[in-house]
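Structure assessment
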Amino acid sequence: MSVRRVIAVFGLVALLLAGCDGPGAPSGAGSTTAAAPLRPGWQALTLPAPPGGPGRPLVRDAASCAGRWFVVGGVVDAEGGTRPAAWTSVDGTTWTVLSVRPDSFYGRQNVFLSAACRDGQVALIGAKVGGAHGYPRVSTWRQVADGALVEVQAPFETYGGPTAVNVSRLAAGPRGWLIVGNRSAGAASWVAAPDAAEFALVEGAPELASDAVGVTWAFDAVATPSGWLAVGGLLPAGRIDRDPAVWSSPDGRSWRRTVLPGGSEYEELQRVVLADGVPVAVGLRGGTFGVWRQEAAGWVAVGTFGRRAGGGVPGVGSLVSSGGSLFAAVTDGARHSVWVSTDRGGSWREATMPLDVPAGVDRDVTLVAVGDRWWLAADDGTRAGLWWAAGAGA
């Protein structure tokens, strides 16, 4: 069983409820335009083979900051064994392999799943399924002075233990690093100083965790001028459909919850970015992907795109912003697709991809955008690649 599948297993039942409601958007919300797909001028890039013997590269996430680009994942060999791998670039075109120094049995088998960077330095979440119960063994990684990635030692209960559910996404900001995920008590966070040398678990925090109001679930976070913003959903007491929720925090430890107006559809926020300083989140809204934006009067629903297809689990895999555009990679349950918005989420057009990626285990698409260029890393389960394009295409 794959790492990503096990990490997501606790959310599958809830996500499948998204197919039980109609696909309609709230009154006044924007929607996908009927225009033909955008056709970016994709150009293929080469990721050199990591050391350690033959195997197929895996790509799972990407990040960029301060003139550095990172693509992360791993390598899987012919017997199914895995090891961590990461690549970096100073121009987005020529890539080199980063040295990786694991420090544990499972660390040597990690696949990097989430990356974030600040001041040109990257930190990572990696995991490997293992142990008697087949749970993911999670590690965090930091970059040291010589550029190498080193595994951060942590007690098992920091990410595992009897109250563990999942570890979701890593975010970077001026104050350091933040991980969001979920424990049996509901949404949780992990915070670290700028050196990323130790993450402290924040479990059961008021308003972040579940309570009499409902059951919480966190998916993603982003740094803001006032601290951190996390997004996810809340299952109100007595209901079977989630409502979208956001949390704000000055330090990643104390949180204030805001539940957005929801309807009879299943709604949740799965990814969030700042678009020209304005928080924009994308997630599920019934049978479509919905977009919410924070405005002066509060959060508003501003658009929809795509539509659930097939019998798989839909979800937002990546959301980035640059050059006045938003770029989202999603899976509708049947296939992965990429969408572009030039009006902060109000309307969207699908963009053609250089590789067809069906939905399924160990199949991923992730994005990075810097200036007027954007990068797409894709893995269709048999091969992985990296491409870039200037602008969204016509």
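Rules and cut-offs
Here the residue numbering is sequential within each chain, running from 1 through the sequence in written order. Since the coordinates come from a predicted model, pLDDT governs what is reported: local features require at least 70, and pairs of side-chain atoms require 80 or more to be given and counted, while whole-chain, interface and lining totals use all residues. To obtain the side-chain values, all non-hydrogen atoms of the structure were used and water was disregarded. Under the DSSP-based scheme used, a helix requires at least four consecutive residues in state H or I and a strand at least two consecutive residues in state E, with every element numbered from the N terminus. The globule rule is 2.2 Å times the number of residues to the power 0.38, and the radius of gyration it is compared with is taken over C-alpha atoms. Relative accessibility thresholds used throughout: buried, under 20% of the residue-type maximum; exposed, over 50%; partly exposed, between the two (1.4 Å probe, protein chains only). Here a residue-residue contact requires only that any non-hydrogen atoms of the pair lie within 4.5 Å. In these tables, accessible area is a Shrake-Rupley quantity obtained with a 1.4 Å probe, and a residue counts as shielded only by the protein chains included in the view. In this description, the term disulfide denotes a pair of cysteine sulfurs within 2.5 Å. pLDDT runs from 0 to 100 and stands for how confident the predictor is about each residue. Two strands make a pair as long as DSSP finds a minimum of two bridges between them. Between N-to-C directions, angles span 0 to 180 degrees; the directions come from axes that are lines fitted to C-alpha atoms, helices contributing only their stretch in contact.

**Describing the overall build of the protein chain**
For the protein chain, the helix and strand inventory stands at two helices and 29 strands. In terms of C-alpha radius of gyration, the protein chain reaches 19 Å, essentially the compact-globule figure of 21 Å for 394 residues. Seen through its principal axes, the protein chain has C-alpha atoms that stretch 55 × 50 × 40 Å. Relative to its full complement of 394 residues, the protein chain shows a buried share of 55%. Look at the contacts in the protein chain between residues 6 or more apart in sequence, and 51% of them connect residues 24 or more apart. In the structure as shown, the protein chain presents an accessible area of about 15400 Å², 55% of it carried by carbon and sulfur atoms.

**Comments concerning the state of the cysteines**
Following the criterion strictly, the structure yields one disulfide and no others. Shown here is the disulfide that connects Cys 65 with Cys 117, its sulfur atoms set 2.4 Å apart. Linking Cys 65 in strand β2 (residues 56–65) with Cys 117 in strand β7 (residues 111–118), this pair joins segments that are 52 residues apart in sequence. Overall, the relative accessible area of 13% leaves Cys 65 in the buried class. For Cys 117, a relative accessible area of 12% translates into the label buried.

**Comments concerning the confidence of the model for the protein chain**
Note: predicted coordinates in regions of low pLDDT should not be interpreted at a detailed level. With 90% of its residues at a pLDDT of 70 or more, the protein chain has an overall mean of 91. Low pLDDT (under 50) marks residues 1–29, which in the prediction has 66 contacts with non-local residues, meaning those over four places away or in another chain.

**Some points on the sheet that holds strand β6 (residues 100–101)**
The strand order β6-β10-β9-β8-β7 describes an open sheet built from five strands, whose pairing is mixed. Edge positions in the open sheet fall to β6 and β7, since each of these has one partner strand only. Bridge analysis of β6 against strand β10 (residues 149–152) gives two bridges, and the strand direction is parallel. Counterpart to Arg 101 in the pairing with β10 is Val 150.

**Re the sheet that holds strand β19 (residues 267–275)**
In a beta sheet, neighbouring strands are held together by backbone hydrogen bonds and run either parallel or antiparallel to one another. Read across the sheet, four strands follow the order β19-β20-β21-β22 without closing on themselves; strand pairing throughout is antiparallel. The open sheet is flanked by β19 and β22 (298–305), the only strands paired with a single partner. Each neighbouring strand pair of the sheet contributes to a mean axis angle of 25 degrees, computed without reference to strand direction.

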